[in-house]
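Descriptive structure summary
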Amino acid sequence: MATQPETTSAAADRIGFARLTKMAFDGVSLLPLWQELIGKVTNGTASAGEGLDLSLIAQLLGQKETGLAVQDEVLALHQLFRSPCSAEQPRLRVLALAAAIDMGGNTPIEFLLENSGIELTTLYVVPGAGIPDQLPEHDVAIVIASDSEECRYALAEIAKRAPSWPRPLLNPPDRIGNLDRDKLHRLLRGIDGLEIPATASVSRAQLVEVLLMSQTLADVAAGADFPVIIRPRGSHAGVGLVKLDDSVALANYLIERREQEFFVSPFVDYSSEDGLFRKYRIVIADGKAYACHMAIADQWNIWYLNAGMSESAEKRLEEATFMYTFDFGFALRHRSALATMSERVGLDYFMVDCAQTKAGDLLIFEADNTAVVHNMDSPELYPYKPPQMHKIFDAFAAMLARRVAQHADRAA
């Protein structure tokens, strides 16, 4: 990009993740804005914030590599960005610490704060720039980088500064590293009322040895035997995720996939009595659980977007009931398991994708700090969602305020 280097002490304004994603979600064409920003890049008038917006638009249009290339170029010149704030005089200032990764690799915190009256500034911690000695003014900071390999540098740099951070620092970087699938199992195993399948990191070479019968699958996959769930290490959103029933299926899988490292875990049949699978997303904010969504489908590999929720009034009614009764239903039933899990994970804010086993235990699929929690769904189709999402948003904002108040009390 033909932009001029800017000082990182001043935050560059941007349209931001929440607004651009909402436009794409609503079917608004991003091409006119793309063309406008490309024009500014061409004539050298694009600001750093506009460059970062251009990177996101490219990714939303399916041009991930282009978007990441633009992002790298922008972040080489500028690391500090300000998101739109709903209040002219913010009631709180939050500094988010991010990594240079694709749009799904940092906590989408803009959705949580969009109408809160809280100012959000994001500092990208990138090689060659690191964390400035003089930090931007803020009342509370939160690490939004994920446990992905691409975030390792940022998490390490933040960890070095964490002990001397002048303000409350939420979601400590060393705790985020525990969310990797194989580490999470070791962290959560043994909790009463909670089941989490053992996940092993297995190389392509080891899986080939299984096909050659020089080793068994159980030998290389921490005791797991067919049927198993496999996915490429580092993949998200179900990319490369399949159930393997035997070695023939494994052979076909390796022919189709070229990755060198995989996660393998036992398949758990979590179908309900009616044969349907129910998968839940739970938000944990300051140790308290909140319902985020419930997906119902006739297949085990459920995501909300492939569960057909918008086509079924019956499914939506069940999801609404799940949300309305959550505090004295699901959350009460799994209160002990959720509390112990929250304590062991040790993060101020994270999400869990889970289900219930046939025995009624809490079945954990994954936990992370970057899953999208949003209020973009149609209020006409999902009238029960806005109140629940705002409940989560309010809880997140209240948590930030509490941390600031606690810090002030200790300093007094």
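Below, the structure is looked at part by part. Keep in mind the model is a prediction, meaning the values are calculated, not measured.

Turning our eyes to something else, we now look at the sheet that holds strand β10 (residues 242-244). Strand order in the open sheet formed by four strands is β8-β11-β9-β10, with antiparallel pairing between adjacent strands. Every interior strand has two partners, whereas the edge strands, β8 (200-203) and β10, have only one. If you compare each strand with its neighbour and ignore which way they point, the axes differ by 35 degrees on average. Bridging between strand β9 (residues 228-232) and β10 involves three bridges; their strand directions are antiparallel. Bridge pairing in β10 links I230 to V242. Taken strand by strand, helix α9 (residues 204-211) contacts β8, β9 and β11 (261-266), and its axis lies near 80 degrees from that of β8. Across the sheet, helix α11 (residues 247-256) touches β9, β10 and β11, and the angle it forms with β10 is around 140 degrees.

Taken in spatial order, the five strands of this open sheet run β7-β15-β14-β12-β13, and their pairing is mixed. The sheet is open, and its two borders are formed by β7 (194-195) and β13 (288-297), each paired with just one other strand. For strand β12 (residues 277-285) and strand β14 (residues 349-356), the ladder comprises six bridges, and the chain directions are antiparallel. By the bridge assignment, I284 is partnered in β14 with F350. The strands that helix α12 (residues 313-324) touches are β12 and β13; relative to β13, the one it contacts most, it runs at about 165 degrees.

Listing the buried residues of helix α6 (residues 152-161) in full gives A154, L155, E157 and I158. Axial view of α6: buried residues confined to an arc of 165 degrees, hence all on one face. Buried positions along α6 lie against β3 (92-98), β5 (140-143), β6 (169-170) and α7 (173-176).

This part takes up the nonpolar core. Ranked by size, the top nonpolar core spans 120 residues in total, and within it I109, M341, I364 and V373 carry the most contacts. When residues in this core are grouped by element, the largest group, nine residues, is from helix α15 (residues 385-411). Leaving out residues up to four positions away in the same chain, V373 has contacts with F111, L112, V283, C292, Y349, M351, M389, I392 and F393. Counting residues in hydrophobic clusters, the runner-up holds 16 residues, among them A200, V220, A221 and Y253.

Rules behind the numbers
Residues numbered from 1 in each chain as written. Predicted model: local features only at pLDDT ≥ 70, side-chain atom pairs only at ≥ 80, totals over all residues. Heavy atoms only, no water. Pairing = 2+ DSSP bridges. Helix = DSSP H or I, 4+ residues; strand = E, 2+ residues; numbered from the N terminus. Axes fitted to C-alpha atoms, helices over the stretch in contact; angles between N-to-C directions. Contact = heavy atoms within 4.5 Å. Buried < 20%, exposed > 50% of the residue type's maximum accessible area, 1.4 Å probe, protein only. Arc of directions from axis to C-beta. Core = buried A, V, L, I, M, F, W, Y, C linked by side-chain atoms within 4.5 Å.

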